[in-house]
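# Remarks on the overall topology
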There are 4 protein chains.
Amino acid sequence: MGITLEQADKAIRAALEKAQELNLKMNIAVVDAGANLTAFARMDGAWLGSIDIAIRKARTARYFDMPTGDLGQASQPGGPLYHIEHSNGGLITFPGGLPIMGENGEVIGAIGVSGSTVENDHTVAEAGRKAIS
Amino acid sequence: MGITLEQADKAIRAALEKAQELNLKMNIAVVDAGANLTAFARMDGAWLGSIDIAIRKARTARYFDMPTGDLGQASQPGGPLYHIEHSNGGLITFPGGLPIMGENGEVIGAIGVSGSTVENDHTVAEAGRKAIS
Amino acid sequence: MGITLEQADKAIRAALEKAQELNLKMNIAVVDAGANLTAFARMDGAWLGSIDIAIRKARTARYFDMPTGDLGQASQPGGPLYHIEHSNGGLITFPGGLPIMGENGEVIGAIGVSGSTVENDHTVAEAGRKAIS
Amino acid sequence: MGITLEQADKAIRAALEKAQELNLKMNIAVVDAGANLTAFARMDGAWLGSIDIAIRKARTARYFDMPTGDLGQASQPGGPLYHIEHSNGGLITFPGGLPIMGENGEVIGAIGVSGSTVENDHTVAEAGRKAIS
């Protein structure tokens with residue numbers, strides 16, 4: 001459904017390269033259009049707790065077809081989506097998850113990265129996404 | 001901890017190759033010595049339900065440092081480990097999960113494969129394991 | 001409630017000693033009269049999957065105030081307690097869990113051991129129980 | 001994997017001593033480098049609800065290789081990691097969990113303490129960590 005393993009692999013390679021360039025240790029997950037895990041890689045020494053977060057970021061980005069950080073802004077106390085993080089078995093709503101678009105602009109999957117600051121997570125996810133968009 | 005991403009990647013590549021050779025669509029997971037996910041790949045069109053099974057097979061093989069099929073034999077009705085599958089959040093006890101040994105014979109991780117018959121799952125897992133043992 | 005940490009500790013020490021004597025690598029758990037974890041020890045190199053099993057054996061033994069193996073016999077297909085293992089978040093019904101009695105014969109807790117054959121698991125659990133009964 | 005039972009035991013003894021000195025009733029958990037439970041002790045009369053919290057604090061500290069309280073500060077509403085507590089089956093993000101370093105500065109495990117104020121939890125965890133660092 002949507003993204004192929006070849007594409008997912010390409011996204012993960014690009015993300016790994018960016019992470020090495022920035023001297024970061026990352027967990028990187030790619031899900032398909034059905035929000036199901038397609039490919040995953042954990043760099044040596046990357047945070048163990050970020051395995052789950054990378055996968056959730058990828059799923060969250062595909063669940064709502066938007067960057068995870070956008071959901072974070074809308075789900076603050078008083079915000080319109082306050083508590084949305086309790087849905088779907090638990091969402092991650094800070095940056096590092098991005099939907100991936102196909103040639104015709106349709107969402108074919110998503111990438112999630114976790115292991116550093118949310119800015120770095122986002123940067124590495126963006127590198128992965130770019131490689132196949 | 002134990003297996004490196006480079007090793008895990010090598011195991012997954014070898015398993016993918018074997019699966020293509022046999023014309024199978026597989027999900028392949030590798031965990032480290034702490035039973036934490038290290039790498040994963042789903043071939044295009046592979047069963048969605050096998051994502052979870054491949055990961056659980058890898059974890060189960062590391063949890064007890066033995067092929068998952070061995071646990072299946074011991075946990076039949078009347079067998080000594082009947083019901084063990086209810087532990088650890090749910091085990092998979094049929095073939096397709098194998099521990100991976102390091103140079104000194106210590107367990108450094110495990111591989112789990114799911115997507116076809118248990119015989120094929122085992123064959124593909126074995127190909128992945130051999131590549132780095 | 002019931003067993004003290006001093007008693008639980010004594011049981012674990014005795015079980016560790018017996019395991020070393022038999023050259024086994026065990027996970028050993030002690031719960032109190034409320035079936036809540038009181039003490040736990042994992043020997044170096046013991047199966048990771050046996051952490052959860054040792055704790056569940058101890059809880060199962062206290063839940064029904066009987067050796068876990070007794071439940072296993074009663075929960076075979078066709079048996080009177082078939083499927084009891086689905087209760088309480090998942091029971092372990094093979095040997096290695098034993099209730100611990102106080103001075104007046106009342107149950108003050110339970111011990112659960114996992115890491116080898118069910119016979120060895122039982123032997124080590126028995127050593128732990130004896131130390132404080 | 002990382003911490004040995006002997007080291008974990010030493011950490012727990014030191015934490016128990018500090019708790020007694022401060023007249024506190026604590027639950028103390030130690031996990032290894034794979035975030036798997038290695039040793040645990042509950043003092044007589046310690047809060048039952050703190051069993052789970054102590055274990056989660058230890059796991060959380062190892063998941064992200066930092067004191068649990070640091071995560072708490074970063075996950076306040078408006079903070080960069082808001083909602084991280086929904087990952088990994090539920091994190092505990094207030095003080096009382098600390099990573100434990102080995103001789104070469106690598107993380108070999110973590111300790112989690114729960115049963116009093118977060119300040120006291122942290123103090124007792126620190127005593128445990130110091131004993132083997």
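Residues numbered from 1 in each chain as written. Chains lettered and ligands numbered in written order. Predicted model: local features only at pLDDT ≥ 70, side-chain atom pairs only at ≥ 80, totals over all residues. Heavy atoms only, no water.

The subject of this paragraph is the pairing of strand β2 (residues 37–42) of chain A. All names here are of chain A. The buried fraction of β2 amounts to six of the six residues, a majority that puts the element mostly inside the structure. Two strands pair when backbone bridges link them, and strand β1 (residues 27–32) and β2 are joined in this way by five bridges, in the antiparallel orientation. Counterpart to Val31 in the pairing with β2 is Leu37. Between β1 and β2, which pair antiparallel in sequence order, lie four residues; one of them, Ala35, sits at a positive phi of approximately 65°. (Buried < 20%, exposed > 50% of the residue type's maximum accessible area, 1.4 Å probe, protein only. Helix = DSSP H or I, 4+ residues; strand = E, 2+ residues; numbered from the N terminus. Pairing = 2+ DSSP bridges.)

Laying chain A over chain B is done by rotating through 179° and shifting 0.1 Å along the axis; what remains is an RMSD of 0.1 Å. Each copy turns onto its partner about a two-fold axis. In terms of C-alpha distance to the rotation axis, chain A has Phe40 of chain A as its closest residue, with the C-alpha 2.4 Å off the axis. Of the interface residues in chain A, 100% have counterparts in chain B that sit at the interface too, so the contact is made through matching surfaces. (Least-squares fit on C-alpha atoms with pLDDT ≥ 70 in both. Contact = heavy atoms within 4.5 Å.)

A separate point is the side chain of Ser116 of chain C. Residue and element names in this part refer to chain C. Here Ser116 shows up in the loop between β4 (107–114) and α4 (118–130). Given the relative accessible area of 17%, Ser116 is considered buried. A polar contact of 2.9 Å, which involves the side chain of Ser116, links it to the side chain of Asn120. Excluding its chain neighbours within four sequence positions, the residues that come into contact with Ser116 are Leu24, Met26, Trp47 and Asp121. (Polar contact = N/O pair within 3.5 Å; in protein donor to acceptor, adjacent residues only side chain to side chain.)

What follows concerns the interface of chain C and chain D. Counting residues at the interface gives 19 residues for chain C, matched by 19 residues for chain D. Of the roughly 1,500 Å² buried at the junction of chain C and chain D (both faces included), carbon and sulfur atoms supply 53%. Three residues, Leu5, Leu37 and Arg42 of chain C, lead the burial of chain C against chain D; their summed loss comes to 36% of the area buried on that side. The interface formed by chain C and chain D includes four salt bridges. Its salt-bridge partner being Arg42 of chain C, residue Asp32 of chain D comes within 3.0 Å of it at the nearest N-O pair. Counting across the chain C and chain D interface gives 13 residue pairs in polar contact (both at pLDDT 80 or more). Only α1 (5–21), β2 (37–42) and α2 (49–64) of chain C provide two or more residues apiece to the side of chain C that touches chain D. Here the side of chain C that touches chain D gets six residues from one element, more than from any other, and that element is β2 of chain C. Here the residues of the side of chain C that touches chain D are counted per class, giving 11 nonpolar, three polar and five charged. (Buried area = accessible area lost by both parts, 1.4 Å probe. Salt bridge = Lys/Arg side-chain N within 4 Å of Asp/Glu carboxyl O. Nonpolar A, V, L, I, M, F, W, Y, C, P; charged D, E, K, R; others polar.)

Here the focus is the interface of chain A and chain B. Between chain A and chain B, the residue contacts involve 19 residues of the former and 19 residues of the latter. Buried area between chain A and chain B, summed over both chains or domains, comes out near 1,500 Å², and the portion from carbon and sulfur atoms is 53%. By the criterion of area lost to chain B, the three top residues of chain A are Leu5, Leu37 and Arg42 of chain A, representing 36% of everything that side buries. Scanning the region where chain A abuts chain B turns up four salt bridges. Taken together, chain A and chain B are joined by 13 residue pairs in polar contact (both at pLDDT 80 or more). Residue assignment for the side of chain A that touches chain B shows that the elements contributing at least two residues are α1 (5–21), β2 and α2 (49–64) of chain A. Here the side of chain A that touches chain B takes six residues from β2 of chain A, the largest share from any one element. When the residues that make up the side of chain A that touches chain B are grouped by side-chain class, the tally is 11 nonpolar, three polar and five charged. The sheet contact formed by β2 of chain A and strand β2 (residues 37–42) of chain B spans three bridges and is antiparallel. Bridging across to β2 of chain B, Ala39 of chain A finds its partner in Ala41 of chain B.

Ordered by their spatial adjacency, eight strands build an open sheet running β3(A)-β4(A)-β1(A)-β2(A)-β2(B)-β1(B)-β4(B)-β3(B), and the pairing between neighbours is antiparallel. Looking at the sheet topology across the chains shown, the edges are occupied by β3 (97–101) of chain A together with β3 (97–101) of chain B. Each adjacent strand pair in this sheet contributes to an overall mean axis angle of 20°, direction not counted. Sheet strands in contact with α1 of chain A are β1, β2 and β4 (107–114) of chain A together with β2 of chain B, and its direction is about 25° off that of β2 of chain A. Where α2 of chain A meets the sheet, its contacts fall on β1, β2, β3 and β4 of chain A together with β2 of chain B, and the angle it forms with β4 of chain A comes to roughly 150°. (Axes fitted to C-alpha atoms, helices over the stretch in contact; angles between N-to-C directions.)

A few words on helix α1 (residues 5–21) of chain B. In this model, α1 of chain B (17 residues) spans 24 Å end to end at C-alpha, consistent with the 24 Å of a helix rising 1.5 Å per residue. Tucked inside the fold, the buried residues of α1 of chain B contact α1 and β2 of chain A together with β1 (27–32), β2, β4 (107–114) and α4 (118–130) of chain B. After α1 of chain B finishes, the residue Asn23 of chain B shows a positive phi value of roughly 60°. (Expected span 1.5 Å × (residues − 1).)

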